[in-house]
Amino acid sequence: MSRAETRRPVRTPSPLWTFGLLRSELSITFRRWRTLALLGVLAAVPVLVGVAVKIETSDGSSFGGGGGGGEGPAFISQISNNGLFLVFTALAATLPFFLPMAVGVVAGDAIAGEASAGTLRYLLVAPAGRTRLLLTKYATVIAFCLAATLVVAVSALVVGALLFPVGDLITISGTRIGYAEGLGRAFLIALVVAASLVGVAALGLFVSTLTGSGIAAMATTVGLLITVQILDQIPQLDALQPYFFSHYWLSFADLMREPVYWDDLTRNLGLQALYAAVFGSAAWARFSAKDITA
Amino acid sequence: MAEPAATKRERPERTEPPGRSEHRERGSVEDAVIATRGLTKRYRGGQLAVDGLDLTVPAGSVFGFLGPNGSGKTTTIRMLMGLIEPTSGTARVLGRPMPREARAVLPGVGALIEGPALYGFLSGRDNLLRYDAADPGADPRTRRERVAEALDRVGLSAAAGKKAKAYSLGMKQRLGLAAALLQPRHLLVLDEPTNGLDPQGMREIRTLVRELASDGTTVFLSSHLLDEIEQVCTHAAVMAQGRLITQGPVADLSAGARGRLVVTTPDVADAARVLKEQGAGDVVVAEDRVTAEPPDRDLADVNTALVTAGVRVRGFAVERASLEDAFVALTGEGFDVAG
Ligand SMILES: Nc1ncnc2c1ncn2[C@@H]1O[C@H](COP(=O)(O)OP(=O)(O)OP(=O)(O)O)[C@@H](O)[C@H]1O
Ligand SMILES: [Mg+2]
């Protein structure tokens, strides 16, 4: 010990060293087989949709006849004209369930998974610091939201370009925009979709601080997600529905209007921020006072 | 209390840990590395796991924390490490209150708590890199080097690239120890460190503990293996059912229990009778040995009495009391789990 000390004089810690934990967290999250499997499933969705549309429209007819109901799937009938629409379709198809489920798994496991493995106590005596650890975990879950959304978008972009023609596209309002601007909008939409997951991420992190079992936390978060999605469909609850984190999710389609219709988009982002603040604080209050006995 | 520790930590030119050799023999409260007052933990279920603990661990000691299963050793360690909040009482580690100043205290403490915990999907080396990254005070430029050193120290260098889930219990235990040794520490808290180790591994741990202690690190070692404590510890404390029964230098503790008189003879019946006549208590006969509590008279006279009575004495000795005897003498019972 003293040998080591004389050889290596103690340096004053740099404030930058604190991000070592974030780096480590990001690298172990994205190296995990489970994370890669989730991203793989998400990448497969656009492939399935693209191939299905290709087969359906190979005789020259347009897809779906009467057209899908709802805002999202409305894009689907456009795919055979322009591959870029596969991006919007794939995001609309994964946002209600696949994406938030993947986020729920990663967020739910964030603290509870470490607790059930027992590694949490060693991180805390390292000492990681409870607030720092929680912030790092939340930042990593947000990074996963972004990565998951981009995986869907990029996969859809590639599949769309391979299977269908690309070029100028027609907005929902009927105006024509160039392919470059279309790409820009697609990227913006991906960002909005990623931001739509911030609320679920905070909720999952809070659930994660409540239990010592990673599986229980993941199941609870995904269960809550499904429950909220179902309640959002029940007309009698329309007074409550504007407060459900998923209520304005499909508002991202408004970015494809000309001019962009901002009302629901801002409501969505505001609601996500509210969820992040409320459940983020709850997670902090719980975690900073919690007895770590696992 | 423990001001010296605090002031030394603030003087960076002084690299040695607080209160080493010059204080080692004193063991007073002032230079205690761990000092608790009335430390109590009642779990939410109502279980009183630790009850009014007044523990003082002198700087530079190798301190054995002894007690049967469920006596509250791990609970105490968790409170000392700031993992759980005491129900009442206070704990100071390295001179600072815990858990309030955990961020200042813990970088100087290496800990192995209730067995190792590892990321099974990471290699041994990557596990250590992760734990080291968790400490915001650990220099990333020396990280790999320090990890390699720690692996070497516990004899895991060859298995460092293997996934931790493929480690044997003893290898996991060694990796856990390596994590505690990533930085120079003032205090090492080891909760049953030899659990799962082979005899060779146990010997290595003992050597390691002695080596660290000679460098001035205070080692706090919990165990229910009495001979382990006896072999390496300078001080010990004994817990039973959440309460501290005794603490002090190991020599004092085993001196507290009187040794046993052992007579080896083929004439065990006669020997037992004579010993009783001579005032020996608790006479136990076993094959060719009679053991008893020595009477309060010159043992030479006892031996003469045996020989005079025609007992053929092969051996006549007082066996030194072991810590186990001390424990039984203290608790009046065996080393069993309380309900
Ligand atoms: N999380 C918990 N919730 C409730 N009771 C607990 C909890 N952890 C431990 N206990 C109880 O507290 C008491 C002390 O347990 P502790 O783990 O501190 O014992 P120990 O001395 O470390 O035992 P061992 O030698 O088996 O490791 C036991 O009676 C145990 O049942
Ligand atoms: Mg224990």
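Small disclaimer: the values here were computed from a predicted structure and weren't measured. Throughout this document, residue positions are counted from 1 along each chain, in the order its sequence is written. Each chain gets a letter, beginning with A, and each ligand a number, beginning with 1, in the order they are written. Local features in a predicted model are, by the rule used here, given only for residues with pLDDT of at least 70; side-chain atom pairs are given and counted only at 80 or more, and totals for whole chains, interfaces and linings are based on all residues. The basis for every side-chain value is the complete set of non-hydrogen atoms in the structure, without hydrogens or water.

Chemist: Help me understand the domain arrangement of chain B in this model?
Modeler: Accessible area lost during the coming together of the parts is what is often quoted as the interface size. All the domain ranges listed were derived from an automatic or database domain assignment. Each assigned domain of chain B is listed with its residue range as follows: domain 1 (5–14 + 28–254) and domain 2 (260–319). A straight line from the C-alpha centre of domain 1 of chain B to that of domain 2 of chain B covers 45 Å.

Chemist: What is the right way to read the nonpolar core from this model?
Modeler: Looking at soluble globular proteins, one finds that nonpolar side chains tend to be buried together. Within the largest apolar cluster, 160 residues are counted, with the highest numbers of intra-cluster contacts made by Phe88(A), Phe252(A), Met81(B), Leu187(B) and Phe220(B). Counting from the N terminus, the helices are the DSSP runs of H or I reaching at least four residues and the strands are the DSSP runs of E reaching at least two. With 11 residues, the single largest contributor to this core is helix H7 (residues 130–163) of chain A. Residues are treated as being in contact if the distance between any of their heavy atoms lies within 4.5 Å. What Phe220(B) contacts, discounting residues up to four positions off in sequence, is Ile34(B), Leu55(B), Val57(B), Phe63(B), Phe65(B), Ile77(B), Leu80(B), Leu187(B), Leu188(B), Val189(B) and Leu190(B). Grouped together as the second largest cluster of nonpolar side chains are 14 residues, Val263(B), Ala272(B), Val290(B) and Val302(B) included. Residues enter a nonpolar core if they are buried and are Ala, Val, Leu, Ile, Met, Phe, Trp, Tyr or Cys, with the set joined through side-chain atoms within 4.5 Å. Note on exposure labels: buried denotes an accessible area under 20% of the residue type's maximum, exposed denotes more than 50%, and partly exposed covers the range between, all computed with a 1.4 Å probe on protein chains only.

Chemist: What am I meant to see in helix H12 (residues 299–308) of chain B here?
Modeler: Residue and element names in this part refer to chain B. Buried within H12 we find Val302, Ala305 and Leu306. Viewed along the axis of H12, the buried residues span an arc of 100°, placing them on a single side of the element. The outward face of H12, more than 90 degrees from its buried face, is lined by the exposed residues Val307 and Thr308. Elements in contact with the buried residues of H12: strand E12 (260–264), helix H11 (268–277) and strand E15 (315–319). Two N or O atoms form a polar contact when they lie within 3.5 Å of each other; inside protein one atom must be a possible hydrogen donor and the other a possible acceptor, and for residues adjacent in sequence the pair counts only when both atoms belong to side chains. Of the residues flanking the start of H12, the one acting as N-cap is Asp298, its side-chain oxygen 3.0 Å from the backbone nitrogen of Ala300. Phi turns positive, to about 85°, at Gly310, one or two residues after H12. Each C-beta atom gives one direction from the helix axis, and the arc is the one those directions make.

Chemist: Looking at this structure, I do not really get the sheet that holds strand E13 (residues 281–286) of chain B. What am I missing?
Modeler: Strand pairing in a sheet takes place through backbone hydrogen bonds and is either antiparallel or parallel in direction. Residues and elements named next belong to chain B. Here a strand pair is declared whenever DSSP counts at least two bridges between the two strands. An order of E13-E14-E12-E15 is seen for the four strands of this open sheet, with the pairing classed as antiparallel. One side of each edge strand has no neighbouring strand; the edge strands of this open sheet are E13 and E15. If you compare each strand with its neighbour and ignore which way they point, the axes differ by 20° on average. Looking at chain direction, E12 and E15 are connected through five bridges and run antiparallel. Note that in E15 the partner of Leu261 across the bridge is Val318. Its contacts with the sheet place H12 against E12 and E15, and it is angled at close to 150° to E15. To obtain an axis, a line is fitted to C-alpha atoms, over the contacting stretch when the element is a helix, and the angle between two such axes runs from 0 to 180 degrees between their N-to-C directions.

Chemist: Just to check I follow, could you spell out the site of ligand 1 for this structure?
Modeler: Near, as used in this document, describes a residue that has one of its heavy atoms within 4 Å of the molecule or strand being considered. If you check the shell around ligand 1, you find 14 residues, and the closest are Asn69(B), Gly70(B), Lys73(B), Thr74(B) and Thr75(B). In this structure ligand 1 sits where residues from chains A and B come together. Between ligand 1 and Thr74(B) there is a distance of 2.6 Å, counted from an oxygen atom to a side-chain nitrogen or oxygen. Only the protein chains shown count as cover for residues, and all accessible areas are computed by the Shrake-Rupley method using a 1.4 Å probe. In the complex, 68% of the free accessible area of ligand 1, which totals 630 Å², lies under the protein chains. When the residues that make up the shell around ligand 1 are grouped by side-chain class, the tally is three nonpolar, nine polar and two charged. Classification used: nonpolar for Ala, Val, Leu, Ile, Met, Phe, Trp, Tyr, Cys and Pro, charged for Asp, Glu, Lys and Arg, polar for all others including Gly.

Chemist: Would you mind showing me how to read the environment of Arg103(B) here?
Modeler: Residue and element names in this part refer to chain B. Among the structural elements, Arg103 can be located in helix H4 (residues 102–105). Among the residues examined, Arg103 registers a relative accessible area of 47% and is labelled partly exposed. The spatial distance from the C-alpha of Arg103 to the C-alpha of Pro136 is 9.6 Å, given a sequence separation of 33 residues.

Chemist: Explain the layout of surface pockets here, please?
Modeler: Take a probe with the size of a water molecule and roll it over the atoms, and the empty space left behind shows itself. Of the grid points, spaced at 1 Å and generated over the protein atoms alone, those admitting a 1.4 Å probe that cannot get out make up cavities, while open sets with protein on both sides within 12 Å along at least five of seven lines make up pockets; any residue with an atom within 4 Å of a point is treated as lining. Grid points are joined across faces, edges and corners, and a volume is the space filled by probe spheres set on the points. Approximately 440 Å³ is the volume found for the second largest pocket. Gly20(A), Arg23(A), Ser24(A), Ala133(B) and Arg143(B) are the residues nearest the centre of the second largest pocket, which is lined by 17 residues in total. For the lining of the second largest pocket, the secondary structure elements donating two or more residues are helix H2 (20–31) of chain A together with helix H5 (124–134) and helix H6 (143–153) of chain B. In terms of residue count, the dominant contributor to the lining of the second largest pocket is H2(A) (six residues).

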